[in-house]
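# An overview of the molecular structure
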Amino acid sequence: MAIIAVAGRKGGIGKSTIVGNLAAEFAAMGRTVAALDADPQHSLAAWAAQGHGMLAGCVEKMDGGAETLPARARKAQKEADIVLIDTPPGTPAMAYQAALVADLLLLPCGPSPLDLLALKEALAQALKARAARRTKRPRIRFVPSKVLMNTNLGRSLHSSLKDMGRKVLPPVGQRVAVAEAVAEGLTVREYAPGSAAHMEFEKLAKAVDKIASRS
Ligand SMILES: Nc1ncnc2c1ncn2[C@@H]1O[C@H](COP(=O)(O)OP(=O)(O)O)[C@@H](O)[C@H]1O
Ligand SMILES: [Mg+2]
């Protein structure tokens, strides 16, 4: 069905966290999921290896160079309904290849003004990939990440993102359960089902699914 990549220039803004938790939400919707860990630091794979949760069964390490990513993702697509790609910060080549193969590109953004600067760069790169493909792919969406809910910073993030002219998906709040789940090798829906954090990822996954199933 769909290849969904998560990218961003900055480390620590929640890319891997979003990939892992979306994987769990899609699996709960009855989809088969492959989550490609294309970050050489392999933090998604390390998270999966920490426990015996659903991630252990769906995360695949990608060790080749950036140029091997599209073929690898298309291969994974033959066996899974949803292919998620986690990309490294900093190194633009992998994120560019991900944008070349993805149907949908999620660009998470944290609440700091510096996060917005990095986001602008990531968006420019995604648009370059789209121009190279000569299609409307990938669709591009912003995801407010690690948001301090009910704060001015959280509220202003949403409007700053909207001002950048792309659609904004439901936010992921900064929540203890998200980090605690990682320590157990679990996703939030496994670690804290029904929690606010779980509900946020469920809402995000539904929004992503709606876009992904529109071909
Ligand atoms: N919504 C969140 N709430 C709390 N902690 C989070 C959240 N998202 C990410 N983190 C924590 O922040 C750190 C960086 O997240 P990560 O997903 O690895 O970022 P990236 O992949 O962009 O480098 C990790 O320790 C992770 O557990
Ligand atoms: Mg990461």
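So, here is what we can say about the structure in this document. These numbers come from a predicted model, not from an experiment. (Residues numbered from 1 in each chain as written. Chains lettered and ligands numbered in written order. Predicted model: local features only at pLDDT ≥ 70, side-chain atom pairs only at ≥ 80, totals over all residues.)

## What about the overall build of the chain?
A count of helices and strands for the chain gives nine helices and seven strands. On C-alpha atoms alone, the chain measures out to a radius of gyration of 16 Å, which is about the 17 Å that the 2.2 N^0.38 rule sets for 215 residues. Along the first, second and third principal axes, the C-alpha atoms of the chain reach 40 × 40 × 30 Å. Burial status across the chain gives 50% buried among its 215 residues. Here the contacts in the chain between residues at least 6 apart in sequence split such that 76% fall between residues at least 24 apart. (Helix = DSSP H or I, 4+ residues; strand = E, 2+ residues; numbered from the N terminus. Rg over C-alpha atoms; globule rule 2.2 N^0.38 Å. Buried ≥ 20, exposed ≤ 12 C-beta atoms within 10 Å, placed from the backbone. Contact = placed C-beta atoms within 7 Å.)

## Quick notes on the packing of helix α1 (residues 15-28) against helix α9 (residues 196-213)
Remark: α1 packs on α9, axes separated minimally by 9 Å, with the N-to-C direction vectors making an angle of 75°. Between α1 and α9, the angle falls in the class roughly perpendicular. Residues Asn21, Leu22, Glu25 and Phe26 of α1 lie in contact with α9, whose contacting residues are Phe201, Glu202, Leu204, Ala205 and Val208. A class-by-class count of the residues in the contact of α1 with α9 yields six nonpolar, one polar and two charged. (Axes fitted to C-alpha atoms, helices over the stretch in contact; angles between N-to-C directions. Parallel < 35°, antiparallel > 145°, perpendicular 65-115°, else oblique. Nonpolar A, V, L, I, M, F, W, Y, C, P; charged D, E, K, R; others polar.)

## Examining α1
Spacing of three or four residues puts side chains on the same side of an α-helix, whose turn is 3.6 residues. Between its first and last C-alpha, α1 extends 20 Å over 14 residues, near the 20 Å set by a 1.5 Å rise per residue. In terms of burial, α1 is a largely internal element, 13 of the 14 residues being buried. Once α1 ends, the next one or two residues include Gly30, with phi positive near 95°. (Expected span 1.5 Å × (residues − 1).)

## Let's talk about α9
With 18 residues, α9 ought to run about 26 Å at 1.5 Å a step, and its terminal C-alpha atoms sit 26 Å apart, in line with that. The complete set of buried residues in α9 reads Ala197, His198, Glu200, Phe201, Glu202, Leu204, Ala205, Val208 and Ala212. The elements touched by buried residues of α9 are β1 (2-6), α1, β5 (104-109), β6 (139-144), α7 (176-183) and α8 (188-191).

## Concerning the environment of Ile18
Mapped onto the elements of the fold, Ile18 is located in helix α1. Using a count of 26 C-beta atoms within 10 Å as the deciding quantity, one classes Ile18 as buried. The residues touching Ile18, leaving out its near neighbours within four places in the chain, are Val6, Leu106, Pro108, Val143, Ser145 and Val172.

## Re the sheet that holds strand β3 (residues 59-61)
Taken in spatial order, the seven strands make up an open sheet running β3-β2-β4-β1-β5-β6-β7, and their pairing is parallel. Looking at which strands have only one partner, the edges of the open sheet turn out to be β3 and β7 (167-168). Two elements, strand β2 (residues 33-37) and strand β4 (residues 82-86), share five bridges in a ladder whose sense is parallel. Of the residues in β4, the one forming a bridge with Leu36 is Ile85. Sheet strands in contact with helix α5 (residues 113-133) are β5 and β6, and its direction is about 165° off that of β5. (Pairing = 2+ DSSP bridges.)

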